[in-house]
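Reading the structure
So the chains spell out like this:
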Amino acid sequence: MLKLLRHGVIAILALLPLVSQAAPSAHDVIQQTTTTLLSDLEANRDKYRSSPEAFYESLNNILGPVVDAEGISRSIMTVRYSRSASPEQMARFQENFKRSLMQFYGNALLEYNNQGIRVLPEGPSDGPDRTSVGMEVKGNNGAVYPVQYSMVKQGNEWKVRNVIINGLNLGKLFRDQFAQAMQENGNDLDKTINNWAGTVAKAKDSPEAQKAKVGS
């Protein structure tokens, strides 16, 4: 009996590392990333306000690993344009997109002043590799604004594929802006990719974005 117990304890101890290394859920990814992001912002707010570039770099370090930049980039470009894009063009657009996303997201975050953020329980799953996680953000005006993250599972990791902020679907907004930019640039893919930061700046000031802006 003692021998069996001893072997049982050894087996349990052997399994502990596997349990502790279990991949975080989609909810955990959003919660942990949010906590890290807000802690970093609180500690460096003054520095970031005087040096936005430092803030964008920090955002990229924190958000980059949990954002499916490749998947979002292809979705924005759509099959119509991505199928004719070279690997170099796709890589360049992905980098430009990531930078513009950090600027879009970062400018809003700098106005956040610990009013209150709550990550909601994981939403209904759309299969084993897709789910959504909600968040509630309180503005300075006391109103509560909903945020929803669409998540995809890649290997054992959950990553953000899209974000809806107070009714504004960022994926759709950027997709529409990309199509419009291609039209304005005479379907010149390189020009559209190189000028993407300006396109996002326009998107940020669009009527749709202003309607969905979280109140301060």
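Notes on the structure follow. Given the structure is predicted, the values throughout are model-derived calculations rather than measurements.

Scanning the protein chain from N- to C-terminus turns up nine helices and five strands. The order of α-helices and β-strands along the protein chain, N terminus first, is α-α-α-α-α-β-β-β-β-β-α-α-α-α. Within the protein chain, contacts between residues separated by at least 24 positions form 56% of all contacts whose residues are at least 6 apart in sequence. For the protein chain, the exposed surface amounts to about 12,300 Å²; the carbon and sulfur share of it is 53%.

Counting residues in hydrophobic clusters, the biggest one holds 50 residues, and the most contacted among them are Met 77, Met 151, Phe 174 and Phe 178. Looking at which element gives the most residues to this core, the answer is helix 5 (residues 87–109), with seven residues. Excluding anything up to four places from it in sequence, Met 77 contacts Ser 82, Ala 85, Met 90, Phe 93, Phe 178, Leu 189 and Ile 193.

Below, the discussion takes up the pairing of strand 3 (residues 144–154). In this sheet, strand 3 lies alongside strand 2 (residues 130–138) in antiparallel orientation, the contact comprising nine bridges. Bridge pairing links Arg 130 to Val 152 in strand 3. Between strand 2 and strand 3, which follow one another and run antiparallel, lie five residues, and Gly 142 among them has a positive phi close to 90°. Sheet analysis places strand 3 next to strand 4 (residues 157–165), joined by eight bridges and oriented antiparallel. Note that in strand 4 the partner of Val 147 across the bridge is Ile 165. The antiparallel hairpin formed by strand 3 and strand 4 contains two residues in its connecting segment, where Gly 155 sits at a positive phi of about 70°.

Applying the stated criterion to the full structure yields seven aromatic pairs. Ring plane angle 25° and centroid distance 4.7 Å describe the contact between Tyr 48 and Phe 55, whose orientation is recorded as stacked. As far as the burial class goes, Tyr 48 and Phe 55 line up, both buried. An aromatic cluster of at least three residues, connected via ring pairs, comprises Tyr 81, Phe 93, Phe 97, Phe 174, Phe 178 and Trp 196.

Let us look at the packing of helix 4 (residues 69–82) against helix 6 (residues 170–184). For the pair helix 4 and helix 6, the least separation of the axes is 8 Å and the interaxial angle reads 40°. In this view, helix 4 runs oblique relative to helix 6, as classed from their interaxial angle. Taking contact as the criterion, the partners of Ser 75, Ile 76, Met 77, Thr 78 and Tyr 81 in helix 4 are, on helix 6, Gly 171, Phe 174, Arg 175, Phe 178, Ala 179 and Met 182. Broken down by class, the residue content of the contact of helix 4 with helix 6 amounts to seven nonpolar, three polar and one charged.

What counts, and where the lines are drawn
- Residues numbered from 1 in each chain as written.
- Predicted model: local features only at pLDDT ≥ 70, side-chain atom pairs only at ≥ 80, totals over all residues.
- Heavy atoms only, no water.
- Helix = DSSP H or I, 4+ residues; strand = E, 2+ residues; numbered from the N terminus.
- Contact = heavy atoms within 4.5 Å.
- Areas by Shrake-Rupley, 256 points an atom, 1.4 Å probe, with all protein chains shown as cover.
- Core = buried A, V, L, I, M, F, W, Y, C linked by side-chain atoms within 4.5 Å.
- Buried < 20%, exposed > 50% of the residue type's maximum accessible area, 1.4 Å probe, protein only.
- Pairing = 2+ DSSP bridges.
- Phe/Tyr/Trp six-rings, centres within 6.5 Å; stacked < 30°, edge-to-face > 60°.
- Axes fitted to C-alpha atoms, helices over the stretch in contact; angles between N-to-C directions.
- Parallel < 35°, antiparallel > 145°, perpendicular 65-115°, else oblique.
- Nonpolar A, V, L, I, M, F, W, Y, C, P; charged D, E, K, R; others polar.

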